[in-house]
Amino acid sequence: MEPAKEEGISVQDEAVDKSNFKNCNHIAFYRRQKLLHPGKSLYKALLDSVTLCNDSVTLQIINEKVSLLVEIYAIEGNVFRLKINEVSPLKSRYEVHDVLIKEPTTQRLSIAQKEAGILVLTCDHEDHKLHITANPFQIVLESKGETVLSVNGNGLLYFEHLQPPPQNSKSTAQNKEDTPTDSSQENQEDLGLWEEKFGSFLDIKANGPSSIGLDFSLHGFEHVYGIPEHAETLLLKNTSDNDAYRLFNLDVYGHKIHDKMGIYGSVPFLLAHKLNRTSGIFWLNSSETLVEINTKAVMEHVPCRSPPDVTKQRVVPQTDVRWMSESGIIDVFLLMGPSPFDLFKQYAQLTGTQALPPFFSLGYHQCRWNYEDEQDVEAVDAGFDEHDIPYDVIWLDIEHTEGKRYFTWDKKKFHNPKRMQELLKRKKRKLVVIIDPHIKVDPTYAIYSEAKKKGYFVKDRKGHDFEGICWPGSSSYLDFTSPEVREWYADQFAFRSYKGSTDILFVWNDMNEPSVFKGAELTMQRDAVHHGNWEHREVHNLYGFYQQMATAEGLIKRSEGQKRPFVLTRSFFAGSQKYGAVWTGDNVAKWSYLKISIPMLLTISIAGISFCGADVGGFIGDPDPELLVRWYQAGAYQPFFRGHANIDSKRREPWLFGDENTRLIREAIKERYTLLPYLYSLFYRAHTTAEPVMRPLWVEFPKEQETFGVEDEYMLGNALLVHPVAEQEITTMNILLPGSDEPMGSPEPQSSFSLPLTPWSWSARGVRCHSQGPHQVWYDFRRFRRQDCPGTLKIPVTLESIPVFQRGGSVVPLKTKVGRSTEWMTDISYELRVALDSKDFAVGELYLDDGHSFHYLQKKQFLHRKFTFHKKVFSSSCADEIGQYHTKCVVERILILGVQKQPTSVNANLQDGKDKEVVFTYDITTSMLTLEKLLLNIGDDWEIHIM
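Here is what the cut-offs are and how they apply
Residues numbered from 1 in each chain as written. Predicted model: local features only at pLDDT ≥ 70, side-chain atom pairs only at ≥ 80, totals over all residues. Heavy atoms only, no water. Helix = DSSP H or I, 4+ residues; strand = E, 2+ residues; numbered from the N terminus. Buried < 20%, exposed > 50% of the residue type's maximum accessible area, 1.4 Å probe, protein only. Contact = heavy atoms within 4.5 Å. Areas by Shrake-Rupley, 256 points an atom, 1.4 Å probe, with all protein chains shown as cover. Lys, Arg positive; Asp, Glu negative; His and termini not counted. Charge placed at Lys NZ, Arg CZ, Asp CG, Glu CD. Salt bridge = Lys/Arg side-chain N within 4 Å of Asp/Glu carboxyl O. Phe/Tyr/Trp six-rings, centres within 6.5 Å; stacked < 30°, edge-to-face > 60°. Lys NZ or Arg CZ within 6 Å of the ring centre and 35° of its normal. Pairing = 2+ DSSP bridges. Arc of directions from axis to C-beta. Axes fitted to C-alpha atoms, helices over the stretch in contact; angles between N-to-C directions. Parallel < 35°, antiparallel > 145°, perpendicular 65-115°, else oblique. Left-handed = near helix turned anticlockwise from the far one by under 90°. Nonpolar A, V, L, I, M, F, W, Y, C, P; charged D, E, K, R; others polar. pLDDT = per-residue confidence, 0-100. Expected span 1.5 Å × (residues − 1). Polar contact = N/O pair within 3.5 Å; in protein donor to acceptor, adjacent residues only side chain to side chain.

The next thing to look at is the overall build of the chain. Regarding its fold elements, the chain presents 14 helices and 54 strands. Seen along its three principal axes, the alpha-carbon backbone of the chain occupies a region of about 90 × 85 × 50 Å. The buried share of the chain, reckoned over its 947 residues, is 65%. Long-range pairs, those at least 24 residues apart, make up 73% of the contacts in the chain between residues at least 6 apart in sequence. Here the chain displays about 33,700 Å² of accessible surface, and carbon together with sulfur accounts for 48% of that area. The distance from the centre of the 106 positive side-chain charges to the centre of the 126 negative ones in the chain is 2 Å.

Rendered as structure tokens:
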């Protein structure tokens, strides 16, 4: 949301003014760490200190006289954890809480070798080895004899020990025991050890310098991904000095694209992929973090059998990744894969899976800053019906409140909010309202007065309530890092507390980086103090995570634990997927922002947060009709689908751009609603097995190097390839259809562990596709024409639609028609779209439950169906017998693509043992067989035999 005009912050239609924000050179801990250059590490391991415990190996490392404690854990499922902390810190250093869903289950490590400055550790159940070199300290991680990753190979381990305050300002420069010195490059008084300036802002560091850093080398890898959020390419780029990827949550209105500055969210999870392996690094630190990347060619020695003792050399890629954080401890997880889906599961066993969203939230959302009043809401709602456009949710921004006091209503504009919600409820629609973390300083405002009395606000460094400027003017900020505050905040959503709210009201958490209009970088002072006497610098990237957590818990509590919440957040961190959805923030109504939204969403998705989207049409400015149509067409095939516009933008409800554009937008939105059964099934997989809903091509085609850098098209699940149109007035597009040497579908995860049972995730047997042919077959999703030769195609495009292809070997469940909202579609019949592969095989699934409660988890009320086409028999069977859910909904028709010969007859064998003849038609031009008037219950077992 844009900065306030009245507070003197400029409103821009272009990219953000970066002078309001730091670059790397402004960051003192970065400047200090950059004085340490690659080379031999200053640390050596004391192998005599090695202790073998039940769940870890510990040892000390030393830099001159300063010691650190190293803990190494082998975690079930091919994951290793490395923790480094001071042996005896002056005070406790911050360790991140609540992101991990539980303490990970460990496996026993054994010492295989300990001699000549080398320590070798092995796992009991996995073929992995850790080689620890004593001098210099270094760890090399091997898998089946292959070096995958090394730690501190460039000697960049950096750890600033907590120190007592200097006696006077002049001694600051001398008290730098852990800071490399290079007076020729840096004036020591400019190292920001005890205070740091940015513009007119002064950051007082009561605990002095406390930054940490470590380097990792990924051997054989040249393609790395992840570490959202940046408006950047999918494939991470090499960084240069003063241009690292920054992870620091900031309110960046109209963020610049192709830039490494931090914006709204931070997930310190990096993925690396090569032909035979996917690996990951999860850096668990919530303070400001900078990541440098350098991919290079290195020489590798290859043993040669003949003649003896001769080695050959070959050039291989290597990617070095350097992590630098302002504070905390080193706590890093090394994820070994080896497949992309193994990696997603490993990350999810640490941070949790995507919450299963309520079904309505997968429909279309209509938002604007701001719908004026109740009459405006009614008129917009009626407009969707008048123009035959389905939608599920209308949103209210800050103007719906009484003077920006959250949990209240403007008495003139929204004088009867319950009536307004009742009218929406009758139409089976929902309302989302904005609730930000800042609280107006006003003793007559109950939320403020109660929170102040209880001491629930973040403090400044002098112990007073921190006050900053945000939408209401002078504001205090709730300290969501406190469990007590979160519990109190959750109670505010109770109907008795939140007057005027009903059970169709859901929540949008905005401005929760947190945004502070007159703060340094428009955020909270780093020396502000949170629960437990932790400074804001320690927990900054967690602030929005904690607000979304408390909000989600509040909505669950409101329903007495029965109904799933929907909460959208702008600021996020690792693990935010457990609590709801995210979006990419304040984008601009330009083609370049539509284009960059695709890699942004892919990056967020593979970092664990499947429920993500970008504001359709662009938040800032006024899109031309073609751009708006193209954005709707793209958004219809992305996880979170919301149209949004800022207060200075022209009204842009879908019917305001002429009849033809209204028709095109209507068709895009209806296409989304037709697709909902498939999309909901994908969210079931994200929830149970951590598979991203929206995923890069390389995830599904991990052995095709041509896919590794593709970011303008993607897979929606494993069945649909989508290529949004992100350029103006184009008539042809190049589409990569991969799979010349790939089997259908993703491999079964190779590790045997299960994701933990929590209120947010559960384990179930999945349906995956298996190898069925020498090459991949594709079908145009609308015209049904078959493409037997994967590769790059040049295809014509019109404004009617965007290219979508169905993968041969898949089954996609659809609805045969749409209703005014998702609730109107409960009993609408299904169409199954079956796309045969080169061996005339296909498999798919459907997940179904009541769409709103936790009964799928608490009472096992769900259906999970498996569909298979094999040897001219199409069958429906139960994929998980634990689930029981009764529905009258039927399969009305089945389209089978790729049937090479017209059948003579088609018969259905029903669950009750009866047979019936099936009405069918065959299109010889597309080789499509259509089975109609089936009326087969979606929950029954049945077979269809094609003669």
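Looking now at the pattern of salt bridges. According to the stated counting rule, one finds 67 salt bridges in the structure shown. Notably, a salt bridge pairs D388 with K670, separated by 2.7 Å at the nearest N-O pair. Of this pair, D388 sits in the loop between α3 (374–386) and β23 (393–396) while K670 sits in helix α11 (residues 659–674), placing them 282 residues apart in sequence. Residue D388 is classed as partly exposed on the basis of its relative accessible area, which comes to 46%. Of the charged contacts, one joins R786 and D788 as a salt bridge, the two residues approaching to 2.9 Å between their closest N and O atoms. A residue is classified by how much of its surface remains accessible, and R786, at 24% relative accessible area, is partly exposed. Salt bridges sharing partners connect three or more residues here, namely D203, R246, E288, E326, E521, R526, E535 and R537.

What is expected of a backbone is that most residues other than glycine have negative phi and most peptide bonds are trans. A cis amide bond links P228 to the next residue, E229, at an omega of 20°. For E229, the position within the fold is in the loop between β15 (223–226) and β16 (245–247). A cis amide bond links G337 to the next residue, P338, at an omega of 10°. Topologically, P338 is positioned in the loop between β21 (330–335) and α2 (340–351). At F407, a position not held by glycine, the phi torsion is positive, near 70°. With respect to the element layout, F407 can be found in the loop between β23 and α4 (417–426). In this model, S927 sits at a positive phi of 55°, which is unusual for a non-glycine residue. Within the element layout of this structure, S927 appears in the loop between β51 (919–923) and β52 (928–932). S927 gets classed as buried once you look at its relative accessible area, which sits at 15%.

Applying the stated criterion to the full structure yields 48 aromatic pairs. With centroids separated by 5.8 Å and ring planes inclined at 90°, the aromatic side chains of F341 and F344 adopt a geometry described as edge-to-face. With F341 and F344 both in helix α2 and three residues apart, this pair spans about one turn of that helix. Residue F341 shares its accessibility class with F344, and that shared class is buried. Among the aromatic residues, those joined into a cluster by ring pairs are F360, W395, F506, W508, F566, W583, F611, F640 and F683. For the cation-ring pair, K274 lies above F221, with the distance from its terminal atom to the ring centre recorded as 4.6 Å.

For the rest of this paragraph, the subject is the sheet that holds strand β40 (residues 786–787). The six strands are arranged β35-β36-β37-β42-β39-β40 in an open sheet whose pairing can be described as antiparallel. Unpaired on one side and paired on the other, β35 (694–695) and β40 mark the two borders of the sheet.

Moving on: helix α5 (residues 446–454). Listing the buried residues of α5 in full gives I447, Y448 and A451. Across the axial projection of α5, the buried residues extend over an arc of 95°, all falling on one side. In this structure, α5 carries A446 and K453 as exposed residues pointing more than 90 degrees from its buried face. Count one or two residues on from α5 and you reach G455, which has phi positive near 75°.

Regular strands have side chains that alternate between both faces of the sheet. In terms of residue burial, strand β46 (residues 863–870) counts as a mostly covered element, since six of its eight residues are buried. Alignment of β46 against strand β47 (residues 873–878), held across six bridges, turns out to be antiparallel. Looking at β47, one finds that F867 is bridged to S876. In sequence, β46 turns back onto β47 through a hairpin of two residues, with K871 there showing a positive phi of about 55°.

Here the focus is the packing of helix α6 (residues 483–491) against helix α8 (residues 543–558). Two numbers describe how α6 lies on α8: the axes approach to 8 Å, and their chain directions differ by 45°. Our classification of the angle between α6 and α8 gives oblique. Crossing geometry of α6 relative to α8 is assigned as right-handed. Contacts between α6 and α8 involve R486, E487, Y489, A490 and D491 from the first element and Y546, Q547, M549, A550, T551, E553, G554 and K557 from the second. Among the residues making up the contact of α6 with α8, the classes are represented as five nonpolar, three polar and five charged.

In this model, the chain carries an average pLDDT of 92, and 91% of its residues clear a pLDDT of 70 or more. A low-confidence stretch, residues 2–13 (pLDDT under 50), is modelled with 33 contacts involving residues beyond four sequence positions or located in other chains.

The next thing to look at is α3. Taking 1.5 Å of rise per residue, 13 residues should cover 18 Å, and α3 covers 18 Å from first to last C-alpha, within 8% of that figure. Those residues of α3 lying buried are E374, D376, V377, V380, D381, G383 and F384. Where the residues of α3 are buried, they touch β22 (364–366), β23 and α4. The opening residue of α3, the one whose side-chain oxygen lies 3.2 Å from the backbone nitrogen of Q375, is D373. Once α3 ends, the next one or two residues include D388, with phi positive near 55°.

It is worth spelling out the environment of I606 at this point. Tracing the chain through its elements places I606 in helix α9 (residues 591–606). On the basis of relative accessible area, I606 is assigned to the buried category, the value being 0%. Remark: the alpha-carbon pair of I606 and P417, spanning 189 residues in sequence, is separated by 39 Å. I606 has contacts with Y225, G226, F269, L271, F344, P696, W698 and V699, leaving out every residue within four places of it along the chain.

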